[in-house]
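The chain contents come next:
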Amino acid sequence: MSSGPGAASVPAPDPHDSPPTSDAPAGRPARKSSMFSSLKVRNYRLFFMGQVVSNIGTWMQRIAQDWLVLSLTGSSAAVGITTALQFLPMLLFGLYGGVLVDRLRKRPTLLVTQSSMALTALALAVAVLTGHVQVWHVYVAAFAVGLATVVDNPARQSFVSELVGPGQLQNAVSLNSANFQSARLVGPAVAGILITGVGTGYAFLFNGLSFIAPLTGLLLMRARELHVVERAPRGKGQLREGVRYVTGRPELIWPIVLVGFVGTFAFNFPVYLSAFADDVFHAGAGAYSMFNTLMAVGSVAGALLAARRGTARLRLLIAAALVFGALEIVAATTPALWMFALLMVPLGLFGMTVNVTTNTSIQMSTDPAMRGRVMALYMMVFLGGSPVGAPIVGWITDTYGARVGLAAGGAVAVVAAAVVGLILARVGNLRLSIGWHGGHPRVRFVPREQREELAPAA
């Protein structure tokens, strides 16, 4: 328990007591918060500022790493291998990382993982700047970063709740997403300048040094102000326990299933956007960069709008996924480049809404002692979906064209959202209600009892 107010963690809701589509955690009324309210918490403010610097470095290294491999090998396949090596540890060991996170204290764990990623970046910088770098060095560095991410990702995700408590969790998760997407606008641009001017080595050097900011923030935090949760004791079968915990709770398993389908088939924008820029509009790398920039603008807007909401509603998740998929289908049919480019902004907005709402609703619905394992499973599905789906959507795009590929990804998102929405409504004992309100048609889900009361007498 924390000595500060609101220290008690929200217990995982029982689906038999309240439907999974409830608007707020049990015992906590729905409310709106100011857009930056969680930044009033000193510990979170330190965390956030550290991530501002580190995220820019992360995006710089992503660009520099791909460019370095391409310049060393001249092979796009080698770039793909590098990406696969960075995601492979999460696919293989993600759940085990969650078990470790539930057993360990989050702040010391993050000090270790962040330090290891800093040392990896600095070692790569030395190899490049001294002229001794070989492609296998980059492969090893990518795999090492992936191994650190296995623990770092669920630890960072679950640590947010210890920083701000349940009342500010939605706001803090949303600001984290805005932080990361804002760095996506700055990092690649700075990396491009450095690579062109002085070479890739300095981009790796900047990333390694950028970890000083989050490490300093972690060291300056006041431990007494953390919303500490009870750690899981060491024991056998904790991995199976985590999987059973998720599969036994509809409010957890079905959002993860939904984000799995969306992430695997609809979020593969490197495949879709590069194909549209090159094959459909014949506009080259400039258009591809513009598409990504506009999508990042929409993502930042989506994250900031999510920060204003006081709760994470599963009905919002379903609606956002439906709109996101529908927008992809519309974008696939646009005849002009400018129309396609403009659609990138709402696509980024609704895609980020799906991401933030899923993340927050899962954290708020999870027992704190299980949060590391649950978030590890969520991140494994979310981060692992794109590499798994890329060859599939790439084959569809190559065989049938970019328009068919993007439309197919959007259709998968729409169908998955509709099916998961119906399943959650059924589990929550809800029924579809169609009526009029203020002279306009209203379609919504209501509890079965309310629907029966509204029905006319026979």
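This one's a predicted model, so the numbers in the text were calculated from it and none came from an experiment.

Per the secondary structure count, the protein chain includes 16 helices and 2 strands. When the 458 residues of the protein chain are sorted by exposure, 50% land in the buried category. Restricting the contact set of the protein chain to residue pairs at least 6 apart, pairs at least 24 apart contribute 83%. Carbon and sulfur atoms make up 66% of the accessible area of the protein chain, which amounts to about 20400 Å² in all.

By size, the foremost hydrophobic cluster in this structure holds 54 residues, and its most contacted members are Leu258, Phe291, Phe340 and Tyr378. Of all the elements, helix H12 (residues 314-333) adds the most residues to this core, at 9 residues. Discounting chain neighbours no more than four positions away, the residues touching Leu258 are Leu317, Ile318, Ala321, Ala416, Ala417 and Val420. By size, the runner-up hydrophobic cluster in this structure holds 26 residues, among which are Val101, Leu110, Leu163 and Met364.

Under the present numbering, the feature "transmembrane region" (unreviewed entry) in UniProt falls on residues 44-64, 76-97, 252-273, 285-307, 314-331, 337-356, 376-396 and 402-425. Secondary structure across residues 44-64 divides into 100% helix and 0% strand, with the first and last C-alpha atoms of the span separated by 30 Å. Between the first and last C-alpha atoms of residues 337-356 the distance is 29 Å; the span itself is 100% helix and 0% strand.

Turning our attention to helix H15 (residues 402-427). Between the first and last C-alpha of H15 there are 38 Å, a value that for 26 residues agrees with the 38 Å anticipated at 1.5 Å per step. By the burial criterion, the buried members of H15 are Ala402, Gly405, Leu406, Gly409, Gly410, Ala413, Ala416, Ala417, Val420, Gly421, Leu424 and Ala425.

Before going further, it helps to examine the packing of aromatic side chains. This model, assessed by the stated rule, comprises 13 aromatic pairs. For the pair Phe276 and Phe281, a centre-to-centre distance of 6.0 Å together with 40° between the ring planes defines the contact as tilted. Of the two residues, Phe276 and Phe281, both sit in the buried class. Plain terms: the ring middles of Phe291 and Phe340 are 5.0 Å apart, the flat faces sit at 70° to each other, and that makes the pair edge-to-face. A residue pair is termed long-range when its members are at least 10 positions apart, and Phe291 in helix H11 (residues 284-308) and Phe340 in helix H13 (residues 337-364) qualify at 49 residues. A relative accessible area of 0% means that Phe291 is categorised as buried. Grouping aromatic residues by their ring pairs yields a cluster made of Tyr44, Phe47, Phe48 and Phe159.

The next thing to look at is unusual backbone geometry. Here His282, not a glycine, exhibits a phi torsion of approximately 50°, which is positive. Along the chain, His282 turns up in the loop between helix H10 (269-280) and H11. Residue classification places His282 among the exposed residues on the basis of a relative accessible area of 63%.

So, on to the pattern of salt bridges. What the rule picks out here adds up to 5 salt bridges. Across the pair Arg373 and Asp102 runs a salt bridge whose closest N-O atoms are separated by 2.6 Å. Of the two residues, Arg373 sits in helix H14 (residues 371-400) while Asp102 sits in helix H2 (residues 76-103), which places them 271 residues apart along the sequence. Look at Arg373 and you get buried, because its relative accessible area is 5%. The buried category is assigned to Asp102, whose relative accessible area is 2%.

Below, the discussion takes up the environment of Thr334. Mapped onto the elements, Thr334 comes out in the loop between H12 and H13. Along the backbone, Thr334 and Arg403 are 69 residues apart, and their C-alpha atoms lie at a distance of 9.0 Å. A distance of 2.7 Å separates a polar side-chain atom of Thr334 from the backbone oxygen of Ala331.

Together, Leu88, Leu91, Leu92, Phe93, Tyr96, Leu147 and Val388 make up a nonpolar patch on the protein surface, roughly 610 Å² of accessible area in all. By residue number, the principal contributor to the nonpolar patch is H2, which donates 5 residues. By secondary structure assignment, the location of Val388 is in helix H14.

Contact geometry for helix H4 (residues 135-164) and helix H5 (residues 169-197): axes closest at 9 Å, N-to-C directions at 130°. Here H5 runs oblique to H4, going by the angle between their axes. The chirality of how H4 crosses H5 is right-handed. Where H4 abuts H5, its residues Val160, Ser161 and Val164 lie against Leu169, Ala172, Val173 and Asn176.

Of the residues making up helix H8 (residues 238-247), those classed as buried are Gln238, Gly242, Tyr245 and Val246. Down the axis, H8 shows its buried residues gathered within 95° of arc, on one side only. Exposed residues on H8 whose side chains face more than 90 degrees from its buried face are Arg240 and Arg244.

Glancing now at the side chain of Ser174. Looking at where Ser174 falls in the secondary structure, it is placed in helix H5. Ser174 sits in the buried class, given a relative accessible area of 0%. Leaving out residues up to four positions away in the same chain, Ser174 has contacts with Ala303, Ala306, Ala307 and Val356.

Cut-off values and rules
- Residues numbered from 1 in each chain as written.
- Predicted model: local features only at pLDDT ≥ 70, side-chain atom pairs only at ≥ 80, totals over all residues.
- Heavy atoms only, no water.
- Helix = DSSP H or I, 4+ residues; strand = E, 2+ residues; numbered from the N terminus.
- Buried < 20%, exposed > 50% of the residue type's maximum accessible area, 1.4 Å probe, protein only.
- Contact = heavy atoms within 4.5 Å.
- Areas by Shrake-Rupley, 256 points an atom, 1.4 Å probe, with all protein chains shown as cover.
- Core = buried A, V, L, I, M, F, W, Y, C linked by side-chain atoms within 4.5 Å.
- UniProt positions renumbered as here; feature names shortened; annotations may be inferred.
- Expected span 1.5 Å × (residues − 1).
- Phe/Tyr/Trp six-rings, centres within 6.5 Å; stacked < 30°, edge-to-face > 60°.
- Salt bridge = Lys/Arg side-chain N within 4 Å of Asp/Glu carboxyl O.
- Polar contact = N/O pair within 3.5 Å; in protein donor to acceptor, adjacent residues only side chain to side chain.
- Patch = residues over 30% accessible without salt bridge, like charges linked within 9 Å, V, L, I, M, F, W, Y side chains within 5 Å.
- Axes fitted to C-alpha atoms, helices over the stretch in contact; angles between N-to-C directions.
- Parallel < 35°, antiparallel > 145°, perpendicular 65-115°, else oblique.
- Left-handed = near helix turned anticlockwise from the far one by under 90°.
- Arc of directions from axis to C-beta.

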